[in-house]
Amino acid sequence: MIRIAVGEADFDAGAEVRRLQAAAGDAGAIASFIGVVRPQSGGEALLSMTLEHYPGMTERALEEIAQAACSRFALSAVTIVHRVGRLVPGAQIVFAGAASGHRQAAFEGVQFLMDYLKTQAPFWKLEERVSGDHWVEARSSDDEAAARWERR
Amino acid sequence: MKLVYFAWVRQQVGVSQETVTPPDAVQTVGDLMSWLAGRGEGHARAFADRSRIRAAVNQVHAGPTARVAAGDEVAFFPPVTGG
């Protein structure tokens with residue numbers, strides 16, 4: 001079962017894990033990742049981060065990433081929750097969770113979800129710093145992280 | 001053809017979306033970028049360095065050689081930075 005949610009509202013990670021477990025049935029392993037807004041960026045204090053996305057394409061891209069993870073790692077359930085709008089340091093940005101029969105598939109499933117989310121899902125981050133506004137640049141290390149799954 | 005822009009591409013172009021009717025010679029995403037660059041100062045700035053721009057046709061990632069046609073929704077944006 002795949003659950004995709006994109007919106008401004010905060011999420012309850014505990015509730016998401018319980019929902020994942022309920023959806024997975026007899027899964028023996030559930031792994032999850034939570035991304036959080038950092039307090040600093042570029043050597044200065046970060047005041048806020050505003051996430052913009054492409055409504056419609058975002059949900060479609062996340063669904064495709066989740067489907068790919070399910071078939072590759074034999075996951076019984078996947079959840080991706082991604083927030084948009086203005087977030088302050090310490091705020092939760094993203095939840096990715098995977099349920100499987102065994103821990104390795106669950107751990108790898110979550111890593112795969114995050115690696116592809118970062119390079120495929122149409123989100124953009126605008127940082128509000130003391131010195132002004134800065135669009136976050138895509139990092140080549142994120143592309144490399146996603147590419148390593150292609151080589152396996 | 002509906003065009004949508006995101007992040008700094010949107011800021012530089014000055015609108016989040018617009019409807020355009022490109023000439024017949026515009027067959028690909030790359031052609032469309034060249035044509036758009038001539039539409040005004042903001043467009044010229046946004047499309048000055050095409051290596052910094054990514055595109056999607058009908059909400060699917062697309063390279064510069066991807067075909068575009070009347071009725072398509074074409075999006076231009078910087079490399080994505082979610083997560």
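In this report, the structure presented in the accompanying data block is examined. Just so you know, these numbers come straight off a predicted model, no measurement behind them.

Parameters at a glance
Residues numbered from 1 in each chain as written. Chains lettered and ligands numbered in written order. Predicted model: local features only at pLDDT ≥ 70, side-chain atom pairs only at ≥ 80, totals over all residues. Heavy atoms only, no water. Contact = heavy atoms within 4.5 Å. Buried area = accessible area lost by both parts, 1.4 Å probe. Salt bridge = Lys/Arg side-chain N within 4 Å of Asp/Glu carboxyl O. Polar contact = N/O pair within 3.5 Å; in protein donor to acceptor, adjacent residues only side chain to side chain. Helix = DSSP H or I, 4+ residues; strand = E, 2+ residues; numbered from the N terminus. Nonpolar A, V, L, I, M, F, W, Y, C, P; charged D, E, K, R; others polar. Pairing = 2+ DSSP bridges. Axes fitted to C-alpha atoms, helices over the stretch in contact; angles between N-to-C directions. 1 Å grid on protein atoms, 1.4 Å probe; cavity = no way out; pocket = protein on both sides within 12 Å on 5 of 7 lines; lining within 4 Å. Points joined across faces, edges and corners; volume = space filled by probe spheres on them. Parallel < 35°, antiparallel > 145°, perpendicular 65-115°, else oblique. Left-handed = near helix turned anticlockwise from the far one by under 90°.

### Some words on the interface of chain B and chain A
At the junction of the two partners, chain B supplies 22 residues and chain A supplies 24 residues. The largest contributions to the chain B side of the interface with chain A come from Q59, T81 and G83 of chain B, which together make up 37% of the buried area. Taken together, the connections running from chain B to chain A amount to two salt bridges. Two residues, R52 of chain B and E137 of chain A, come together in a salt bridge whose shortest N-O distance is 3.8 Å. Put simply, chain B and chain A have 13 residue pairs in polar contact (both at pLDDT 80 or more) between them. Looking at the side of chain B that touches chain A, the elements that each hand over two or more residues are β1 (2-5), α1 (7-13), β4 (60-62) and β5 (73-77) of chain B. Sort the elements by how many residues they give to the side of chain B that touches chain A and α1 of chain B lands first, with four residues. Per-class residue counts for the side of chain B that touches chain A are twelve nonpolar, seven polar and three charged.

### Comments concerning the sheet that holds strand β7 (residues 92-100) of chain A
Whenever strands of a sheet pair, they do so through backbone hydrogen bonds, lying parallel or antiparallel. Residue and element names in this part refer to chain A. With mixed pairing, the four strands of this open sheet are ordered in space as β1-β5-β7-β2. For this open sheet the edge positions go to β1 (2-7) and β2 (29-36), each flanked by a neighbour on one side alone. When strand polarity is set aside, the average angle formed by the axes of neighbouring strands in this sheet is 5°. Bridge count between β2 and β7: eight bridges; the pairing is antiparallel. Directly across from G35, in β7, lies its bridge partner V94. Along the sheet, helix α1 (residues 13-24) contacts β1, β2, β5 (77-83) and β7; its crossing angle with β7, the most-contacted strand, is approximately 25°. Across the sheet, helix α3 (residues 103-120) touches β2, β5 and β7, and the angle it forms with β7 is around 145°.

### A closer look at the layout of surface pockets
Here the largest pocket defines a volume of roughly 850 Å³. Residue lining of the largest pocket: 36 residues in total, with K118, R139 and D142 of chain A together with T81 and G82 of chain B positioned closest to the centre. Among the elements that line the lining of the largest pocket, the one with the most residues is α3 of chain A, at seven residues. Class assignment of the residues belonging to the lining of the largest pocket gives a composition of 15 nonpolar, eleven polar and ten charged. Its volume calculated, the second largest pocket comes out at about 160 Å³. In this structure, the second largest pocket is lined by M1, V20, T21, P22, P23, D24, V26, Q27, V68, A69 and A70 of chain B.

### So, the packing of helix α2 (residues 57-73) of chain A against α3 of chain A
Residues and elements named next belong to chain A. Contact pair α2 / α3: the axes reach a minimum separation of 10 Å and the direction vectors enclose 150°. Here α2 lies roughly antiparallel to α3, going by the angle between them. Of the two possible hands of crossing, α2 and α3 adopt the one that is right-handed. Touching A61, L62, I65, A66, A68, A69, R72 and F73 of α2 are A105, E108, G109, F112, L113, Y116, L117 and Q120, all from α3.

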